[in-house]
Every structure is written in structure tokens, then in C-alpha cells.
Amino acid sequence: MSEPILEARGLKKYYDTASGFMDSMLGRSNKVKAVDDIDLELHEGETLGVVGESGCGKTTLGRTMLRLIEPTEGSVYYKGQDLTELSSSELRDVRTDIQYIFQDPFSSLNPRMTVGDIIGEPLDIHGIAEGQERDERIYELLETVGLNPSHSHRYPHEFSGGQRQRIGIARALAVDPEVIICDEPVSALDVSVQAQILNLLEDLQEDFGLSYIFIAHDLSVVEHISDRIAVMYLGKIAETGTTDEVFEPPYHPYAEALLSAIPEPDPLWDGEQIYLSGSVPSPIDPPTGCRFHTRCPRVIQPEEYNMPQKEWRQLMDFKQRLLTSDSLKSIAQVTDETVDLDSITRDTLDELIRREFDLPMQLSDMQAEQVISQAVDRLTEENFEDARALVADGFKSPCEQVDPELQSTGTTHRIACHLYDDDPKQPGATNTSDAVADD
Ligand SMILES: Nc1ncnc2c1ncn2[C@@H]1O[C@H](COP(=O)(O)OP(=O)(O)OP(=O)(O)O)[C@@H](O)[C@H]1O
């Protein structure tokens, strides 16, 4: 493969959320780890899809790569030149080579400017064309993106969503870029219009030899347009590879869940839909070890346990709830007003908890049964501290302990998951075939 045209190395963006003067004075700040140590490569002429749920850091990554947002740490190389070291005037020159297309085609276009001036603005800023030449370039760009050149005097509100996104694309093309970072360019559009914009982007790539980073929250959108895909979770890359590699086993359990959520029957996916427990944790205080362990359907059991995977996942959910709740009501999610939690018997509480977490009255593993049983004893006494200590110690996954590195599982395929650790001393070490068969 050719040298990367655009490359991120150890890229981090932490947002400071200190809320006021006192916070800053006292050094109290919570950092939102939006992008946390990412390596990424874009090769010439290719499309790299970047996928993940809302809030996982995709936009921050895209904007940091263009230095629209200053990175906290790390480097971004464009044709080998470190963009993080450039002065603002040097950066302005490079910005003609790397352009950005925004998600919302309406709010990203100035409503008081005609379409001609919107597209002409980058030509003016970079001194590319003026007068007659400028007008001709604008007409040519409108035609290139499938719009009528005679509409150049119209305003953005006179166009449909899809047409506005075409205007955004024409504006990006105006400076004759080499790379375009497309940030969810079709998410705000109807499905039928989405296909037209994707086709247009593909045609433009072929005609002008463009390279794209294509950001989306949905794998089905990037599936057809991407040569390679990077799956992001909570500021990190969970899996990366060619589109075929990402759509075929072995999977990162998060990528597998995203694949299973693709709405229509997908020719590349024939598994069942996987439902993830809980919601995406806060990037201010991400989970220890593997960030996905709090929701992972395949979170690894400690060596001493042997129970069905679903049971272990439910126990981990119980643990998380207990560690973050301070009342029996919130632990067992009691909504029934007739249940008096102040005088609840041990057996009733036991039943409520097991029902809430879909656990059998007797766990399949005796050692684990002992832990939950003792925890319920402590909870009946409202001794939350001891109950928490019991589950924190008794239900500890190897996945919580070490942050997994991205490791090769194929020529260009890499997964950051302890299921695929080769080093037997590492937590959760199993070989790949065991990991798949185990599921
Ligand atoms: N300026 C900011 N200050 C503080 N936190 C921010 C800022 N911008 C984004 N964040 C936080 O950083 C995290 C990543 O946000 P980002 O917008 O990059 O994610 P995303 O994957 O693009 O999400 P979406 O698809 O919803 O745009 C989120 O938790 C978000 O709340």
C-alpha cells in the first residue's frame, strides 16, 4: 500500500469542562476524553469510514485532524508534514488541500449569502480566481455537483436538503482539494437522497482522485462507500480493517453489535441482532481496562468461573448497578408501590434482584452463587458497603484490568479486545478460534 496521505499518530483531544473561575482556581477540571490516543491512516484515493455511536468522538477526531480543533497531544501528518507544528498562515495553505463537509447542510451555509458567493468565498480567501474567471469556476462547480449554474444567485433556503449538501460539496471542491473529511454528510437526509449524495461523492472521487474520511454513526452508510473502516468506541479505535474484514469474523464485540443492528437484511451479515446493555458511559470518567466491558456481551469471565455467557453479563450488570446505586429501590428498580422495602425479607429481595437482572434462582456456578447470595444478605441488612465490596471483588472481569491494544488478526485487520490476546499472560488470553466458538 502507498504511503498515507493523511495520518494521525497518538492523537488526543481532551475538552476541559472546568465550569467557572473557582474550578480553575482550585485546579478542578473534568476532562472529556473525546479522542484518546488514536492512530489512523488515510491512503491516496481511498475512503476510510469512521463509525461509532453518537458521542464516541468522531466529529472531534475529524476536526482535530484538520486542526479546526487544536489537539491536546499527538500529531497529524499530511504528506509527511506535521500539521500540528504549522503556523496559522502555513496551515491556511494546507487547508486548500484538506476540506471538510459538515453534517447539517443548512446550518453550515450562511443564509444571507447567495450560493454563488458561498462557493466563491474559498476562491476569494485563497486568491484562486476573481472576476469572470471566478464566475465561470462557480458555474462549473455547480454543474459538477449536479446543480443548475443559473441558480447561483439564489439563497440556501431556496434549495432542498440534498441540494444544500451538494452546495456544501461544491464549496469544498472549489479549492481543488486532495482530501475531504465528510462528517455525517448524509445523516440529515432522506434515504433516497442519501444514495444520490453517496453516488455523487463516489463519482467525484473517481474524477478528481480524492481521498475521503467518511464519518457516520451507521455501518450501513459506510459499507458501500468505504475501502476501509475504523470502528470507534468512547474515544478509541476498537477495530479497523478493510470493509470485508470488518464485516467478517473475527469481530470486535462492539463492531459485531453494530453490524447486527443494520436494519435491512444485509448480505454480509447473517447473525442475530445483538442488544447492548446500558448506555454509553461518560467520556469524562471512562471505564477502566477495556472501555466496552460495561456493555460487552462477550465480557470475559474470571478463570475460576464457568457459567453461560449471558449469566455472566447479567452479573456484571448487577455489579455495575450496585456500585452506582445507594438504595434498594434503585438496585432492584422497584416500581411496585405495594413492596415495602423497609421491611423486605431476604427471600423477597433475592427474588426481586434476580428477576430484575434475569438471573436464575441458583446460578450455574456455585462459587458465583455464593458471592451473589452473600451480597443479598448484606443488602437485606442495608449494608451497601459490604455488598459492594463483595461483588467488586467476586465479579471482576479480566477486561476491567488492562486497556487492550489494537492487535493484528489479519493482514490489515486489527482488533482491540482481550478475546484476541496472543500473550497467554495477558488477561483473558484465548486464541481466536476459542473466542469465536465460545460465543
Ligand atoms: N466543545 C466541547 N466541550 C466539551 N465537550 C465536548 C465538546 N465537543 C464535544 N464534546 C464531548 O466530546 C464527546 C465526543 O463528541 P463528538 O461530537 O466528537 O462525538 P460524535 O461521535 O461526533 O457524536 P455525534 O455523532 O453526536 O456528533 C462527547 O461526549 C461530547 O459531549
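Parameters and conventions
Residues numbered from 1 in each chain as written. Predicted model: local features only at pLDDT ≥ 70, side-chain atom pairs only at ≥ 80, totals over all residues. Heavy atoms only, no water. UniProt positions renumbered as here; feature names shortened; annotations may be inferred. Axes fitted to C-alpha atoms, helices over the stretch in contact; angles between N-to-C directions. Helix = DSSP H or I, 4+ residues; strand = E, 2+ residues; numbered from the N terminus. Parallel < 35°, antiparallel > 145°, perpendicular 65-115°, else oblique. Left-handed = near helix turned anticlockwise from the far one by under 90°. Contact = heavy atoms within 4.5 Å. Nonpolar A, V, L, I, M, F, W, Y, C, P; charged D, E, K, R; others polar. Salt bridge = Lys/Arg side-chain N within 4 Å of Asp/Glu carboxyl O. Buried < 20%, exposed > 50% of the residue type's maximum accessible area, 1.4 Å probe, protein only. Near = heavy atom within 4 Å. Polar contact = N/O pair within 3.5 Å; in protein donor to acceptor, adjacent residues only side chain to side chain. Areas by Shrake-Rupley, 256 points an atom, 1.4 Å probe, with all protein chains shown as cover. Domains from an automatic or database assignment. Phe/Tyr/Trp six-rings, centres within 6.5 Å; stacked < 30°, edge-to-face > 60°. Lys NZ or Arg CZ within 6 Å of the ring centre and 35° of its normal.

Under an unreviewed UniProt entry, the protein has the name Oligopeptide/dipeptide ABC transporter ATPase and belongs to Halovivax asiaticus JCM 14624. If you open the UniProt record of the protein and go to Sequence similarities (unreviewed entry), you find "Belongs to the ABC transporter superfamily."

Student: Explanation requested: the packing of helix α4 (residues 115–125) against helix α6 (residues 161–173) in the structure shown.
Tutor: Relative placement of two packed helices is described by the angle separating their axes and the distance separating the axes. Running from N to C, α4 and α6 cross one another at 30°; their axes reach a closest spacing of 7 Å. In terms of orientation, α4 lies roughly parallel with respect to α6. The two elements α4 and α6 cross, and the hand of that crossing is right-handed. On the side of α4, the interface is formed by V115, I118, I119 and P122, while α6 contributes I167, A170 and R171. By residue class, the composition of the contact of α4 with α6 is six nonpolar, no polar and one charged.

Student: Can you help me understand the pattern of salt bridges in this one?
Tutor: A side chain of one charge can pair with a side chain of the opposite charge if their charged atoms are brought near each other. Within the structure shown, the criterion is met by 28 salt bridges. Between R137 and E140 there is a salt bridge, with the nearest N and O atoms lying 3.5 Å from each other. A residue pair is termed a helical-turn pair when its members lie 3 or 4 positions apart in one helix, as R137 and E140 do in helix α5 (residues 131–144) at three residues. The partly exposed category is assigned to E140, whose relative accessible area is 43%. Between R321 and E356 there is a salt bridge; the shortest N-O distance is 2.9 Å. Highlighted residues: R321 in helix α11 (residues 309–324) and E356 in helix α13 (residues 346–356), separated in sequence by 35 residues. A relative accessible area of 22% places R321 in the partly exposed class. Residue E356 is classed as partly exposed on the basis of its relative accessible area of 30%.

Student: Is there a simple way to think about the site of the ligand in this case?
Tutor: Taken together, 13 residues surround the ligand, and among them S54, G55, K58, T59 and T60 come closest. C56 has a polar backbone atom sitting 3.1 Å from an oxygen atom of the ligand. In the model, an oxygen atom of the ligand is placed 2.8 Å from a nitrogen or oxygen of the T59 main chain. Coverage of the ligand by the protein chains reaches 62% of its 630 Å² of free accessible surface. Going through the elements one at a time, β2 (31–43) and α2 (58–65) are the ones with two or more residues in the shell around the ligand.

Student: Any chance you could explain the domain arrangement of the protein here in plain terms?
Tutor: Often, the extent of an interface is quoted as the loss of accessible area upon association of its parts. Partitioning the protein into structural domains gives domain 1 (4–233) and domain 2 (309–396). A separation of 48 Å is found between the C-alpha centroids of domain 1 and domain 2.

Student: Just checking my understanding: could you explain the packing of aromatic side chains for this structure?
Tutor: Think of a pair of aromatic rings as described by two things: how far the centres are apart, and how the planes are tilted against each other in angle. Per the counting criterion, the structure on display carries eight aromatic pairs. Of the aromatic side chains, those joined through ring pairs into one cluster are Y233, Y254 and F292. For K33, the ring lying beneath its charged end belongs to Y14, and the centroid distance is 5.9 Å.

Student: It is not clear to me how the side chain of D317 should be interpreted in this structure. Could you clarify?
Tutor: As for its placement among the helices and strands, D317 is situated in helix α11. Filtering out sequence-adjacent residues up to four positions away, D317 remains in contact with S277, T294 and F357.

Student: In this structure, what is going on with helix α10 (residues 253–260)? I would like to understand it.
Tutor: Since one α-helical turn is 3.6 residues long, residues separated by three or four positions face the same way. Within α10, eight of the eight residues are buried, which leaves the element mostly enclosed by the surrounding structure. On its buried face, α10 is in contact with β3 (47–51), α8 (219–223), β9 (228–233), β10 (236–242) and α9 (243–247).

Student: When you look at unusual backbone geometry in this model, what are you seeing that I'm missing?
Tutor: What you tend to see is this: most non-glycine residues have negative phi, and most peptide bonds are trans. Here the bond from P249 into P250 is cis, since omega is 0°, no more than 30 degrees from zero. With respect to the helices and strands, P250 occurs in the loop between α9 and α10. The residue D37 is not glycine, and still its phi comes out positive at about 70°. Among the structural elements, D37 can be located in strand β2. For D37, a relative accessible area of 43% translates into the label partly exposed. Of note in the backbone geometry, R67 takes a positive phi value of approximately 60° without being a glycine. By the element assignment, R67 lies in the loop between α2 and β4 (73–78). According to the relative accessible area criterion, R67 is buried, its value standing at 13%.

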